[in-house]
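Working through the structure, step by step
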Amino acid sequence: QRKALHLHSHKTKTISRMQFRSIAISSISATVVASSSAEPWRADLDWAGDLESKLSPSASLLDVTFSDFATECHPTFVDGPYPDRTNHDLIDQPSGLCVSQLFCAYERCWPRPDAHGSNSTQATRDADEGYGGLFAASFDDLSPEVKGWLSDPANPSLNLPSKVLFPNVASDVVAAIEFAKENGLEVSVKNSGHSFTGASTKKGTLHLNMNRFVRYASSGIVNCDAAGLAEHQQCKLAVARNKPGFVRVGGGENWDRVYRAVDAVNAEEGNKYHAVGGAAGTVSPMGWTFQGGLAGTQGGRKYGLGVDQVIQIEMVLPNGQHVRFAPVEWEDASADGFIVPKTTSVVGECRSNPREVDESLWEWSDCPEDANVDFDDLWYAVNGGGGGTWGVVTSIYLQLHDYLPPRLFGIDGATEIAPIDLGVSKCAPEVRAAMGIFFESFRLRWVLAPGTLNVTQDLSDACGMADAGMSVLVCYGDEAYETLVDTWESFANDYYDPSVYNNVSLDDALACPGTLEGTWSDTMKYPSGPYEGQVGDMPLPTIPSESSNGVVNVLYPKSYIDENFEALMSNPEFLYFGGNRDLAFGA
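Please read these numbers as outputs of a predicted model, since none were measured by experiment. (Residues numbered from 1 in each chain as written. Predicted model: local features only at pLDDT ≥ 70, side-chain atom pairs only at ≥ 80, totals over all residues. Heavy atoms only, no water.)

Okay, the sheet that holds strand S1 (residues 60–63) next. Taken in spatial order, the 4 strands line up as S1-S2-S4-S3 in an open sheet, and their pairing is mixed. What marks the edges here is a single partner per strand, and that holds for S1 and strand S3 (186–190). Averaged over all neighbouring strand pairs, the angle between strand axes comes to 25 degrees, with direction disregarded. Taken strand by strand, helix H6 (residues 170–183) contacts strand S2 (163–166), S3 and strand S4 (205–209), and its axis lies near 170 degrees from that of S4. (Pairing = 2+ DSSP bridges. Helix = DSSP H or I, 4+ residues; strand = E, 2+ residues; numbered from the N terminus. Axes fitted to C-alpha atoms, helices over the stretch in contact; angles between N-to-C directions. Contact = heavy atoms within 4.5 Å.)

What follows is the structure in structure tokens.
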């Protein structure tokens with residue numbers, strides 16, 4: 001478990017690990033034990049004079065308590081079953097304390113009172129509580145003992161901060177880091193709070209909630225034509241990668257805002273751009289991207305992982321420097337099997353007027369020598385090592401791809417993790433149940449062993465999916481989609497045996513997989529209600545955490561798949577209808 005950086009007043013080298021954790025969630029009781037009227041956290045410090053006086057007018061510094069958490073966050077978990085919840089209800093709550101997994105408001109995502117933080121073994125959890133499964137769990141399923149833990153503001157496992165800062169501009173972040181450094185405070189950071197490990201909440205920290213930070217995406221899309229190339233240095237790398245443009249994303253924005261910004265430009269200018277991102281609209285591009293960024297639903301197998309999309313980063317480092325950095329030199333790497341140039345040099349700058357609020361007046365220059373910033377190392381570290389591990393990311397520039405017609409093809413239906421019916425498949429439930437395993441075997445062949453279907457790797461890579469429990473592929477481009485449909489028909493005609501699948505006819509089996517036009521993010525938009533038009537969640541908020549469900553994620557090496565594919569296809573633990581697997585890795 002990563003730890004938050006203890007910021008000391010002496011100078012800190014940039015590449016010393018500054019840990020900013022991800023987010024957590026709340027406790028749930030209709031009867032919350034009254035908290036004592038303790039004085040504000042670290043009342044010995046001059047918060048007003050040394051921090052608030054240096055913040056922009058739109059920034060907010062709050063003292064928060066367990067009562068705020070219970071009042072604002074608990075209702076989502078107490079009042080509704082899993083299918084009725086959404087992280088959109090949580091991320092804008094005024095205290096900034098809410099998280100997407102209730103138990104992750106506690107150390108190690110488990111609320112058993114334990115002052116020593118040793119409460120998280122699976123055996124202990126199993127002995128404590130049988131709550132009906134990760135997604136089926138409701139508040140009513142919890143035992144009176146666990147409900148008591150969740151309603152107790154003095155629970156020593158509670159892992160919520162008591163001081164929350166909502167920065168509005170980069171100078172607010174600089175002021176917070178400098179204040180923390182001068183006073184030996186730890187810092188935690190939250191973007192959207194969509195963490196399965198409670199990684200952005202920590203008690204005893206100055207907590208930066210980036211949700212109200214300046215937003216760039218809606219006006220930050222740049223076309224890298226001749227004019228764009230002349231005006232924006234970020235276009236040089238985008239053009240070298242044969243990409244049509246980029247989008248700048250603010251440090252507190254989520255994928256919902258990015259996707260809607262791209263949609264708006266496409267609607268106005270014709271379908272031009274595609275953004276590679278996460279499956280859930282409430283996921284932050286910051287934590288998602290810099291921890292790798294699987295993009296099974298958004299073309300990641302074709303276009304690369306989240307880290308492959310980054311062309312420039314802005315962040316505030318542990319030493320208080322506000323920096324921007326990007327590749328400036330690269331070389332062809334096609335001989336090594338890469339489709340984009342290999343970065344050979346990264347250059348960065350420090351802002352020389354970090355107190356300036358107006359971005360149009362920002363001044364950038366070479367970093368002072370004592371800043372100790374190695375931008376080549378920092379670029380490598382951030383892209384895969386977690387942005388919040390090394391500083392507070394204030395904005396990133398992400399390449400955009402040429403638009404290709406997107407479609408979903410397969411057999412869907414409401415599942416445990418995604419209790420929605422997208423309307424892809426129109427066949428009867430009994431047909432889905434009978435022949436779904438046959439289609440799943442085809443889907444896995446398309447992704448994992450396309451050669452067994454006489455399909456090229458390039459066409460296979462144009463389709464993928466996240467772990468939604470649906471036997472569906474999201475494909476980009478007419479050729480990939482048409483080949484997928486034709487290959488399915490040939491596969492079924494060659495291998496389907498009705499007697500094996502409850503006598504469902506070949507014609508019914510062929511017709512069961514359906515098609516839905518649009519991207520995954522299009523299908524996930526709320527059709528009505530308070531969040532109409534916004535991209536929804538997957539998974540929705542849960543009471544226990546995915547990380548506490550006795551399940552681990554496993555990466556299958558390609559060499560293992562190649563050598564053992566047919567054996568795996570005969571293993572019912574590997575091949576089952578609606579498998580929760582990320583089909584996100586391409587060639």
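Looking now at the state of the cysteines. Tallied over the entire structure, the rule returns 6 disulfides. One disulfide in the model links cysteine 104 with cysteine 109; its S-S distance is 2.1 Å. A torsion of 100 degrees about the S-S bond marks the disulfide between cysteine 104 and cysteine 109 as right-handed. Taking relative accessible area as the criterion, cysteine 104 reaches 1% and is therefore assigned buried. A relative accessible area of 1% means that cysteine 109 is categorised as buried. Put simply, cysteine 427 and cysteine 512 are joined by a disulfide, and their sulfur atoms are 2.0 Å apart. Of this pair, cysteine 427 sits in the loop between strand S13 (406–411) and helix H14 (429–448) while cysteine 512 sits in the loop between helix H17 (506–511) and strand S16 (514–517), placing them 85 residues apart in sequence. For the pair formed by cysteine 427 and cysteine 512, the shared burial category is buried. (Disulfide = S-S within 2.5 Å. Buried < 20%, exposed > 50% of the residue type's maximum accessible area, 1.4 Å probe, protein only.)

Within helix H12 (residues 375–385) the residues assigned to the buried category are Phe375, Leu378, Trp379, Ala381, Val382 and Asn383. For H12, the side-chain oxygen to backbone nitrogen distance between the N-cap and aspartate 376 is 3.1 Å, and the N-cap itself is aspartate 374. Directly after H12, the chain includes glycine 386, whose backbone phi takes a positive value near 90 degrees. (Polar contact = N/O pair within 3.5 Å; in protein donor to acceptor, adjacent residues only side chain to side chain.)

With that settled, the discussion passes to the nonpolar core. When a protein is soluble and globular, its nonpolar side chains tend to lie buried together. Formed by 97 residues in total, the largest nonpolar core has its most connected members in Met315, Met435 and Trp520. Broken down by element, this core gets its largest block of residues, 9 residues, from H14. (Core = buried A, V, L, I, M, F, W, Y, C linked by side-chain atoms within 4.5 Å.)

Bringing the packing of aromatic side chains into the picture now. Within the structure shown, the criterion is met by 26 aromatic pairs. Taking the centre distance of 5.8 Å and the plane angle of 55 degrees together, the rings of phenylalanine 246 and tyrosine 397 count as tilted. Placement of the pair is phenylalanine 246 in strand S6 (residues 245–250) and tyrosine 397 in strand S12 (residues 392–402), with a sequence separation of 151 residues. Consider the rings of phenylalanine 409 and tyrosine 481, whose centres lie 6.4 Å apart with planes at 75 degrees: the pair is edge-to-face. Within this pair, whereas phenylalanine 409 is found in strand S13, its partner tyrosine 481 is found in helix H16 (residues 478–495), the two being separated by 72 residues in sequence. Each member of the pair, phenylalanine 409 as well as tyrosine 481, is classed as buried. What links up through ring pairs into an aromatic cluster is the set Phe409, Phe438, Phe439, Phe442, Tyr481, Trp488, Phe491, Tyr495, Tyr496 and Tyr501. (Phe/Tyr/Trp six-rings, centres within 6.5 Å; stacked < 30°, edge-to-face > 60°.)

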